[in-house]
Amino acid sequence: MLDIKFIRENAETVKKNCEDRKMKCDIDRLLILDEKRRELMLAVEELNAEKNKINNQIQKASSEEKGKLIEQGKEVKDKLEKTEPELEKVNAEYKSILYAIPNMHSEDTPIGPDESCNEVIKKVGEIPKFDFQPKEHWELGAELDLIDSVRAAKVSGSRFNYLKGDLVLLEFALMQFAFSVLTDAKILKEIAEKNNLKVSAKPFIPVLPPVMIRPEIMNRMARLDPEEMYSLERDNLNLIGSAEHTLGAMYADEILDAKELPIRLVGFSTAFRREAGSYNKDMKGILRVHQFNKLEMESFTEPDKSLDEQNFIVAIQEHLIGALGVPYQVVSICTGDMGKPDVRQIDIETWMPGQNKYRETNTSDLIGDFQARRLNTRFRSDDGKVEYVHMNDATAFSGRPMIAIMENYQQADGSIKVPKVLKKFMPGNPDFIVKK
RNA sequence: GGAAGGGUGGCCGAGUGGUUUAAGGCAACAGUCUUGAAAACUGUCGUGGAUGAAAGUCCACCGUGAGUUCGAAUCUCACCCCUUCCGCCA
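The structure presented is a predicted model; accordingly, all values stated were derived computationally and were not measured.

Basis of the calculations
Residues numbered from 1 in each chain as written. Chains lettered and ligands numbered in written order. Predicted model: local features only at pLDDT ≥ 70, side-chain atom pairs only at ≥ 80, totals over all residues. Heavy atoms only, no water. Buried < 20%, exposed > 50% of the residue type's maximum accessible area, 1.4 Å probe, protein only. Helix = DSSP H or I, 4+ residues; strand = E, 2+ residues; numbered from the N terminus. Pairing = 2+ DSSP bridges. Near = heavy atom within 4 Å. Polar contact = N/O pair within 3.5 Å; in protein donor to acceptor, adjacent residues only side chain to side chain. Nonpolar A, V, L, I, M, F, W, Y, C, P; charged D, E, K, R; others polar. Axes fitted to C-alpha atoms, helices over the stretch in contact; angles between N-to-C directions. Disulfide = S-S within 2.5 Å. Salt bridge = Lys/Arg side-chain N within 4 Å of Asp/Glu carboxyl O. Phe/Tyr/Trp six-rings, centres within 6.5 Å; stacked < 30°, edge-to-face > 60°. Lys NZ or Arg CZ within 6 Å of the ring centre and 35° of its normal. Core = buried A, V, L, I, M, F, W, Y, C linked by side-chain atoms within 4.5 Å. Contact = heavy atoms within 4.5 Å.

1. A short note on the pairing of strand E12 (residues 344–352)
Counted residue by residue, E12 has 9 buried out of 9 residues, so it is predominantly covered. Judged by which residues are buried, E12 turns out to be covered on both faces: Arg 344, Ile 346, Ile 348, Thr 350 and Met 352 on one side and Gln 345, Asp 347, Glu 349 and Trp 351 on the other are all buried. Taken together, the 5 bridges between strand E11 (residues 328–332) and E12 define a ladder with antiparallel strand orientation. The partner of Val 330 across the bridge, within E12, is Ile 348. As judged from the 9 bridges shared by E12 and strand E13 (residues 357–368), these two strands associate in the antiparallel manner.

2. A short note on the protein's contact with RNA strand B
Around RNA strand B lies a shell of 18 residues, among which Ile 58, Gln 59, Lys 74, Arg 214 and Arg 378 are the nearest. Looking at RNA strand B alone, sugar and phosphate atoms form 88% of those within 4 Å of the protein. At 3.5 Å from a sugar or linking oxygen of RNA strand B is found a main-chain nitrogen or oxygen belonging to Ile 70. Of all the secondary-structure elements, those providing two or more residues to the surface near RNA strand B are helix H3 (27–60), helix H4 (63–100) and strand E14 (378–380). Broken down by element, the residue count for the surface near RNA strand B peaks at 10 residues, all from H3. Across the surface near RNA strand B, the residue classes tally to 6 nonpolar, 5 polar and 7 charged.

3. Some points on the environment of Ile 286
Topologically, Ile 286 is positioned in the loop between strand E9 (263–272) and strand E10 (291–301). Along the chain, Ile 286 and Met 402 lie 116 residues apart, while their C-alpha atoms are 9.0 Å from each other.

4. Comments concerning the sheet that holds strand E8 (residues 255–257)
In spatial order, the strands read E8-E14-E15; together these 3 strands make up an open sheet with mixed pairing. Of all strands in the sheet, those bounded by a partner on one side alone are E8 and strand E15 (386–388). Across this sheet, the average inter-strand angle for adjacent strands is 40°, counted without regard to direction. In terms of strand pairing, E14 meets E15 through 3 bridges, oriented antiparallel. Looking at E15, one finds that Arg 378 is bridged to Tyr 388.

5. Re the state of the cysteines
Inspection of every chain in the model, using the stated rule, returns 0 disulfides. With no disulfide of its own, Cys 18 lies closest to Cys 25 among cysteine sulfurs, the gap being 3.7 Å. The class of Cys 18 is buried, set by a relative accessible area of 2%. Not part of a disulfide, Cys 117 finds its nearest cysteine sulfur in Cys 334, a span of 5.1 Å.

6. Quick word on the pattern of salt bridges
Overall, the coordinates contain 29 salt bridges when judged by the stated rule. Across the pair Lys 77 and Glu 81 runs a salt bridge whose closest N-O atoms are separated by 4.0 Å. You can see Lys 77 and its partner Glu 81 sitting in helix H4, 4 residues apart, about one turn around the helix. In this structure, a network of salt bridges that share partners links the residues Arg 223, Glu 244, Asp 342, Asp 365 and Asp 393.

7. What to know about the packing of aromatic side chains
Considering all chains together, one arrives at 5 aromatic pairs under this definition. Ring centres of Tyr 251 and Phe 300 lie 5.2 Å apart, and the angle between their planes is 90°; this geometry places the pair in the edge-to-face category. Of this pair, Tyr 251 sits in the loop between helix H10 (243–248) and E8 while Phe 300 sits in strand E10, and the two are 49 residues apart along the sequence. The pair formed by Tyr 251 and Phe 300 is uniform in burial state, with each residue classed as buried. Joined through ring pairs, the aromatic side chains of Phe 177, Phe 397 and Phe 425 make up one cluster. Sitting over the face of the ring of Trp 138, Lys 284 holds its NZ or CZ atom 4.3 Å from the ring centroid. Geometry around Tyr 99 places Arg 374 over its ring, the cationic atom sitting 3.4 Å from the centre.

8. Some points on the nonpolar core
Here is a general trend for soluble globular proteins: nonpolar side chains tend to be buried in one another's company. Counting residues in hydrophobic clusters, the biggest one holds 53 residues, and the most contacted among them are Ile 316, Phe 397 and Leu 422. At the level of secondary structure, the elements contributing two or more residues to this core comprise helix H7 (166–182), helix H8 (185–194), E10, helix H11 (306–323), E11, E12, strand E16 (390–398) and helix H13 (400–408). Among the elements that take part in this core, H7 stands out by supplying 10 residues, more than any other. Residue contacts for Leu 422: discarding those within four places in its chain leaves Leu 170, Ala 173, Leu 174, Phe 177, Leu 324 and Ile 405. Leu 30, Leu 33, Val 44 and Leu 47 belong to the second largest nonpolar core, which has 30 residues in total.

9. Topic: the sheet that holds E16
The strand order across the open sheet built from 8 strands is E1-E11-E12-E13-E16-E10-E9-E4, with neighbouring strands paired in mixed fashion. Where the open sheet ends on each side, the last strands, each with one partner, are strand E1 (119–124) and strand E4 (205–207). The mean inter-strand angle of the sheet, taken between neighbouring strand axes irrespective of direction, is 25°. Where E1 lies against E11, 5 bridges are found, and the strand directions are antiparallel. Paired with Lys 123 across the strands is Gln 329, a residue of E11. Sheet strands touched by H7: E4, E9, E10 and E16. Its angle to E16, the strand with the most contacts, is close to 140°. Sheet strands in contact with H13 are E12, E13 and E16, and its direction is about 30° off that of E12.

10. Overview of the side chain of Asp 365
Structurally, Asp 365 can be placed in strand E13. Among the polar contacts made by the side chain of Asp 365, one reaches the side chain of Arg 223 at a distance of 3.3 Å. Those residues in contact with Asp 365 that lie beyond four places of it in its chain are Arg 223, Gln 310, Asp 342, Arg 344, Gln 345, Met 391, Asn 392 and Asp 393.

11. Here's the deal with H13
Judged by how many residues are buried, H13 sits mostly within the fold: 9 of 9 residues are covered. Arg 400, Pro 401, Met 402, Ile 403, Ala 404, Ile 405, Met 406, Glu 407 and Asn 408 are the residues of H13 that are buried.

Structural data, given as structure tokens:
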């Protein structure tokens, strides 16, 4: 959420930001409620002060004074019982508006209503030419017996898959490769230097986080629409849609020491998404599924370091995708397309020859203090001041890069060449994935 | 899942209805002493909110939420978490 003081002082800018991001937020109503809220808070505080005063007097009073004072106490209580529900009502509406307001976007974010206004800021790699008609990954998956959607549909429903054989080993190889980069301070330092970034080379700490989350914590992450999450009602838990959800909330209600920062985590988890409202979109294969594995980066920094941190994280993502030898483009996501908590969203889209398109494989979200304010994750600076941390969250690898590998590395004979960088992470160091 | 015990400030810990809403200790920070350090002594030492130029004043917070009461860290109920034992289990 945004700081109410900021909204008070910058109402017009906040309104403009909501419009740019295609979100309807009644800022005028919020400001009225804000004033009303403070008025009522003051009234309640004054009544409480009176209550405390009477309580102290009762203790010292003689027995004949006592009866009178207790009567006074009851009067104050009556007034409190009228004022407090009023405050609660105002508070509830105030919060519902405040929580719905998106974060302020960065200056370099393109303005526009939808994805057509996203800006490609960099293209890397030559689009491969095939002397045969390249297939889509789901065709290759079925032919090489790597993806079984038919049986998965029988057992679990649509948008589920059995991944099999070398594709499973390829997925683990991807993750292992990413871990080998993210936990190595030397490699991280090289990436930072190559991109002229003055950031710490502190390695990422590997984490296997919980995949279930309390709804109230999820709410404080202000991330996925609840409609998009699976919920286990009997146990009052939701399945996470990304490791971001449990990684980002890890330090909720804590005050960290500035010396500990940056805290960099890399978490592996299965992600669960209902994909409500995306019927008929990307129905085949593993591009858009209810369940997939993802390696996620999450970082907590001081406010003045968070933008460089995002640039560093994007550089890491480029290093990872680039090492696979597949063409990609870096895209600056526009206001109408970016996530609600994001200050700045950069995606990496990877070339998929079967579809003849770039498709999103990585995303990087600079969130600033938007989540930290709700989560109450703070740090104490060297001069003793307590401030909200800034957060960044980004994909290292998910299942999607496997689509890019399958389609870019497919051969005329139907086999798939294994990218050189992944070979050593696969048992048997195979050169090709072939039909068995 | 069953039984018992517990959750108090950065940490330890006293407090079981009203003596400032938190004793005492540790840690931390500053100062005195010292050539320097240690020790000792003195002082400071939670978070958020309201108001104010500031000093300050006021309010809230003792796992979370509700309740009883003129008054709750303290009593009641629900939930969450931790510890120990039993059961089940990869």
